[in-house]
Structure formats: structure tokens, C-alpha cells
Amino acid sequence: MKKKTHSIPESRNFETTLNAKNTHLFVLENKRGMQITLTDYGARLVSVLVPDKQGNLRDVVLGFDHIDAYIKADEPYYGATIGRFANRIRGGQFTLADGSHYQTTPNQGKDTLHGGAYGFHKRVWDRRVNSIEQEISFFLVSPDGEEGFPGTLSTCVTYRLTDDNEIQISYRAETTKTTVINLTNHAYFNLNGEDNETVLDHHLQIFATHYLPTDQDQLPLGVVAPVEQTPFDFLQPKPIGRDLAAENEQLRIGLGYDHCFVLDQQVSKSENGLKIYRAAMAKAPDSGIRLDVWTSEPAMQLYTTNVFSGKDRGKSGVYYVKNCGFALETQHFPDAPNLPIGPGTVLQPDEIFMSETRYCFSVEK
Ligand code: BGC
């Protein structure tokens, strides 16, 4: 394992113009020395520096030290805000209750993945920084019909870094017409530092007794299956890699874990008017860094960089390969507009969409 102390990227590497908008790097720092950086390109987390058990700062999210690398990357979603609809929509099609039918841009075979070809991760967001509160808000207006989705959608994503080493991400959105929405963050974590090759030794716990098995195209079958006696049982912490070699049809389809877990929502707390639930815990025995995930969302996709090509070269010069990171994407069910199960994803013009996810860091010696 690499032990060096990491540092944040240089701001000037993130200053460019894209689609007539200037891009930037923003730094938030808390009283305990934790530092995170973000860019308005994709309203995305670029780096997360947290102390390990020796007190050295490790950058625990995958990403790059230059905006050009984000634009050219083989994998476009590193650390980004995903919208309008995270995960897949079957055939890029859905019908609303009034019978109106929509076709969204297919960008993975016939299906729409992560909002289509020009998703929120590729957009330069407007921004407002509040350094005192250690927070930054990003704003994006997506016009009616963009990528095939109905309604002009105004979205605000706020990242707050607390003095308890928590990254709190709050989402708020409004629409002018009935639409569907599913927002998430696509950070990939490696709790030993982004320059380490694998997360298979990390211990992971997911508070979910059920998950959503998929078909060959990774669209949910529409059934909720128990995790019991399957490799998807993370109810007690276990190394991510422990059951990966098991004979299992779902692991074969996903080339590993690439599945949505239905959160049990047993442990909750209410803050800022939203109820959030304990979703997951991960820790790396070597660094001692622990991550706890809380969310108001009903489900969470676990994805362990199964199809990484090894072409993307990260901040520390290491090539990102299969299983070098894991994403815990809090969200509603994939393909929810076409599924008879799960909470709805329809947003009406007289409603406000609100959601919150917290990534809470600590150290276990
Ligand atoms: C999906 C994967 C997909 C990846 C793209 C994840 O959210 O679950 O299937 O390959 O995003 O980066």
C-alpha cells in the first residue's frame, strides 16, 4: 500500500472554458484539516483528503488533477452529479399517468444510462461558494425536452464539509412539467488512497436484506430478491472480494457487483427537515479509514469499477483498473418509471424534489 501524504490539485489546472462557460476548482477545508475539492464541470467531487490512522492525509476518491483529463476520460462519471435520471431506463422510454410517452436518448445499447448522452456530469454548473459555512452550491437549468425528458428542470446540489469530517450532499429540484427524476453522486472510493489498486480487501456492510436482480442488459427484472445465502449479503461487514468468485448468475451478468440494494431504512435521524437512514459502512483495514453512508434515498447501487479499461491515469499517476474503487450510488430504483415496484420517481410542477446523502469519514485504529 502507498503511504505518502496526498495534496489537492492546482486550481489553475481546472480553469478553462467549455460551452462558453468558465470552469473552476473549489476548495473546502474544515477545522480538522480535512480538505475536499470540487469542480463546476459536472458539479463533481475531485478530491477528498482525510487523515488515516497515522494522521497522514489520503485522497480517497478517484479522479484527475486536470480538467482535460475529466473531459477525455474513458469513464466520464468520476465524482460527478448524475441526472436527470441516474442508472438505466429500459429502451429510454416511459409513459406518464396522463398517457404521454417519452423517448430519452439511448446511450447504452437501446437504454438510457445516467441521463443520456449529455447528462448532468458533462455540464458546467453555475455556483455559489460560502466559505464560512464550508459549503458550495451548484445550479443547473435543464431545458424542457433535453435528452428527451419533459419539463424544464432546475436543480441545485449543495456540498457541505462539516467539522465532523462529513460531506453532506443535498439535492433540490423543481420542474415546469410532470417529469421523472433520480439524482445521485458517482464518487468512486478507495479508502487506502486513490493510488492503490484494489478495494477487494475493504470491508463493506450494506443495510439491505433485499436487492434488485437484473436481466442481461442490467435492467431490473422487477422483483425484489433476498440477499440471504447469496454473495449479495453484506448485512455483516465482509471483504468486498470475498464472494466474488462464487458461481452466481447475477455476478456473471454484472461482471461483479453492479446492483441496486433496497435499503432497510431501520436506523434513521432527522435533520434539516429530511429523514436520513443508515445505508452502508466501509473500512480499509490498512489505512484505518472508515466511511459511513447515510441517505434519504430508498436504494443504493454498489458498483466496483468492473469494466474499467485501465486507460484512465489518476491524480497520483496510477492507472485505474478493474476493482480499484467502489461507488455507493444512493438513488431510487433503476428504471423506476417502468417498474411496478418501488417508490415513484415522478416529480410534479407543484412539488419540490429534496434528497440528501452523507459520506461520513472517521478512523479506526
Ligand atoms: C452503473 C454501471 C456503469 C457505470 C458507469 C454505474 O452506476 O451501475 O453499470 O457501468 O455506472 O460508470
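Just above, that's the structure.
Everything quoted here is computed from the prediction, not taken from an experiment.

Colleague: Give a detailed account of the pattern of salt bridges, specifying residues and quantitative values.
Modeller: Evaluated as defined, the whole model comprises 22 salt bridges. Close ionic contact of Asp163 with Lys31 constitutes a salt bridge, the shortest N to O distance being 3.1 Å. Here the residue Asp163 occupies a position in the loop between strand S14 (153-161) and strand S15 (166-175), and Lys31 occupies one in the loop between strand S3 (25-29) and strand S4 (35-39), the gap between them amounting to 132 residues. According to the relative accessible area criterion, Asp163 is partly exposed, its value standing at 27%. On the basis of relative accessible area, Lys31 is assigned to the exposed category, the value being 72%. Asp292 is paired through a salt bridge with Arg290; the nearest N and O atoms lie 2.7 Å apart.

Colleague: Give a description of the pairing of strand S29 (residues 353-363) that names residues and reports values.
Modeller: Along S29, eight of the eleven residues are buried, which leaves the element largely enclosed by surrounding structure. Bridge analysis of S15 against S29 gives eight bridges, and the strand direction is antiparallel. Across the sheet, residue Ser170 finds its bridge partner in S29, namely Glu356. In this structure, strand S25 (residues 289-295) lies alongside S29, joined through seven bridges in antiparallel fashion. Each bridged residue has a counterpart across the sheet, and for Val293 the counterpart in S29 is Tyr359.

Colleague: Break down the sheet that holds strand S20 (residues 225-226) for me, citing the residues and quoting the values.
Modeller: With antiparallel pairing, the five strands of this open sheet are ordered in space as S20-S19-S22-S26-S27. Of all strands in the sheet, those bounded by a partner on one side alone are S20 and strand S27 (327-331). Taken together, the five bridges between strand S22 (residues 258-262) and strand S26 (residues 299-303) define a ladder with antiparallel strand orientation. Opposite Val262, over in S26, you have Ala299 as the bridge partner.

Colleague: Help me get a handle on the side chain of Arg88, residues and values and all.
Modeller: Of note, Arg88 is situated in strand S8 (residues 88-89). Here Arg88 sits buried without a salt bridge, and the closest side chain of opposite charge, Asp258, lies 4.4 Å off (N-O distance). Other than its neighbours up to four places away in sequence, Arg88 contacts Gln108, Thr112, Leu113, Asp217, Gln218, Leu219, Asp258, Pro334 and Asp335.

Colleague: Tell me about the sheet that holds strand S6 (residues 57-59), and please be specific about residues and values.
Modeller: Judged by pairing direction, the sheet is antiparallel, and its four strands sit side by side in the order S3-S4-S5-S6 without closing on themselves. A single partner strand is all that each edge strand has here, and the edge strands are S3 and S6. Geometrically, the sheet is characterised by an average inter-axis angle of 20° between neighbouring strands, direction not taken into account. Two strands pair when backbone bridges link them, and strand S5 (residues 44-51) and S6 are joined in this way by three bridges, in the antiparallel orientation.

Colleague: Before we move on, could you go through the site of the ligand and cite the residues and values that matter?
Modeller: In the vicinity of the ligand, the residues found are Glu75, Tyr77, Arg88, His114, His186, Tyr188, Asp258, Gln301, Tyr303 and Glu329. At 2.8 Å, a side-chain N or O of Glu75 approaches an oxygen atom of the ligand. Taking Gln301, its side chain carries an N or O atom lying 3.0 Å from an oxygen atom of the ligand. When the free accessible area of the ligand is taken as 310 Å², the share hidden by the protein chains comes to 94%. Partitioning the shell around the ligand into residue classes produces three nonpolar, three polar and four charged.

Colleague: Talk me through the nonpolar core; I want residue IDs and the actual numbers.
Modeller: Val48, Ile167, Leu191, Phe326 and Phe361 are the most contacted members of the largest nonpolar core, which totals 58 residues. Among all residues touching Val48, those that are not within four sequence positions of it are Met34, Gln35, Ile36, Arg58, Asp59, Val60, Val61, Ile167 and Phe361. Counting residues in each nonpolar core, the second largest holds 18 residues, with Leu25, Leu62, Cys324 and Ala327 among its members.

Colleague: For the side chain of Ser47, give the residues involved together with the corresponding values.
Modeller: Mapped onto the fold, Ser47 is located in strand S5. By relative accessible area, Ser47 is classed as buried at 0%. Here the side chain of Ser47 touches Thr37 through a polar contact of 2.6 Å, side chain to side chain. Discounting residues that sit within four places of it in the chain, Ser47 has contacts with Ile8, Pro9, Gln35, Ile36, Thr37, Asp59, Val61 and Lys315.

About the criteria used
The numbers attached to residues start from 1 for each chain and follow its sequence in the written order. Where totals are concerned, whole chains, interfaces and linings use all residues; where local detail is concerned, this predicted model gives features only for residues with pLDDT of at least 70, and gives and counts side-chain atom pairs only at 80 or more. Derived side-chain values reflect all non-hydrogen atoms in the structure, with water molecules and hydrogen atoms excluded from consideration. Any carboxyl oxygen of Asp or Glu that lies within 4 Å of a side-chain nitrogen of Lys or Arg is treated as forming a salt bridge with it. Runs of E in the DSSP output that reach at least two residues are strands. Runs of H or I that reach at least four are helices, and both are numbered from the N terminus. Note on classification: 1.4 Å probe, protein chains only; a residue is buried when its accessible area is under 20% of the maximum for its type, exposed when over 50%, partly exposed between these limits. A pair of strands is labelled paired if DSSP reports no fewer than 2 bridges between them. The charge count treats Lys and Arg as positive and Asp and Glu as negative. His and the chain ends do not count. For this analysis, residues touch if any pair of their heavy atoms sits within 4.5 Å. Axes here mean lines fitted to C-alpha atoms, for a helix over just the part in contact, with angles spanning 0 to 180 degrees between N-to-C directions. A single heavy atom is enough: if one lies within 4 Å of a molecule or strand, its residue is considered near that molecule or strand. In the analysis that follows, any N or O atom pair within 3.5 Å is treated as a polar contact, provided that within protein one partner can donate a hydrogen and the other can accept it, and provided that, for residues neighboring in sequence, both atoms belong to side chains. The accessible surface values rely on the Shrake-Rupley method and a 1.4 Å probe; as for residues, cover is taken only from the protein chains in view. Classes in brief: Ala, Val, Leu, Ile, Met, Phe, Trp, Tyr, Cys and Pro nonpolar; Asp, Glu, Lys and Arg charged; the others, Gly included, polar. Each nonpolar core is a collection of buried residues, namely Ala, Val, Leu, Ile, Met, Phe, Trp, Tyr and Cys, held together in the definition by side-chain atoms within 4.5 Å.

Everything listed here is a matter of coordinates, which is why it stays silent on function.
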